[in-house]
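Okay, here's what each chain looks like letter by letter:
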Amino acid sequence: PVIAPPTAPTPPRNLRVVQITGTRWDLSWMTDLRTSTRIERAINTTTFTPYAMVSPGVLHTSTTVKRNDDYLFRIAAVNAAGMSDYSNTVFIGSR
């Protein structure tokens, strides 16, 4: 039998933020539980940089922000075949 090569994962869905305290926020999302999730952020800009890589099955993470800074977050699913398109982008303003 011929085994098909793996394909890039589908993008994560429904990226959301929930404020826990004044400077602590939870990010949550939905994705295939077999993929890792790459989290990127931008601080006071629209230039994203890698922030974290979380293991398959993890669907949320906490982040701490500094007051008077604005943050954008986006995520992508990652597997052996590559990286998905990005999710929606969420904003955290800590002013």
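About the criteria used
Residues numbered from 1 in each chain as written. Predicted model: local features only at pLDDT ≥ 70, side-chain atom pairs only at ≥ 80, totals over all residues. Heavy atoms only, no water. Pairing = 2+ DSSP bridges. Helix = DSSP H or I, 4+ residues; strand = E, 2+ residues; numbered from the N terminus. Axes fitted to C-alpha atoms, helices over the stretch in contact; angles between N-to-C directions. Phe/Tyr/Trp six-rings, centres within 6.5 Å; stacked < 30°, edge-to-face > 60°. Buried < 20%, exposed > 50% of the residue type's maximum accessible area, 1.4 Å probe, protein only. Lys NZ or Arg CZ within 6 Å of the ring centre and 35° of its normal.

1. Quick look at the sheet that holds strand 5 (residues 60-64)
Picture the strands of a sheet paired through backbone hydrogen bonds; they go either parallel or antiparallel.
Now for step 1: Reading across the sheet, the 3 strands line up as 1-2-5 and stay open at both edges, with antiparallel pairing between neighbours. At either end of the open sheet lies a strand with only one pairing partner, and these are strand 1 (13-19) and strand 5. Sheet twist, expressed as the mean angle between neighbouring strand axes with direction ignored, is 20 degrees.
Now for step 2: Two strands pair when backbone bridges link them, and strand 2 (residues 24-30) and strand 5 are joined in this way by 5 bridges, in the antiparallel orientation.

2. Here's the deal with the packing of aromatic side chains
Now for step 1: All told, the structure shown has 2 aromatic pairs when counted by the stated rule.
Now for step 2: Between Tyr-51 and Phe-73, the aromatic rings sit 5.7 Å apart at their centres with planes inclined by 75 degrees, giving edge-to-face as the arrangement. Placement of Tyr-51 in strand 4 (residues 49-54) and of Phe-73 in strand 6 (residues 70-79) is noted, with a sequence separation of 22 residues between them.
Now for step 3: What makes Tyr-51 partly exposed here is its relative accessible area of 30%.
Now for step 4: Exposure remark for Phe-73: the relative accessible area of 0% places this residue in the buried category.
Now for step 5: Ring geometry for Tyr-71 and Phe-73: centres 6.3 Å apart, planes at 15 degrees, overall stacked.
Now for step 6: Assessed through its relative accessible area of 3%, Tyr-71 is described here as buried.
Now for step 7: Every member of this aromatic cluster is reached through a ring pair, and the members are Tyr-51, Tyr-71 and Phe-73.
Now for step 8: Seen from the ring of Phe-48, Arg-74 lies directly overhead, with NZ or CZ sitting 4.0 Å from the centre.
Now for step 9: Here the guanidinium or amino end of Arg-74 rests over the ring plane of Tyr-86, the centre of that ring lying 3.7 Å away.

None of this, on its own, says anything about what the molecule does.
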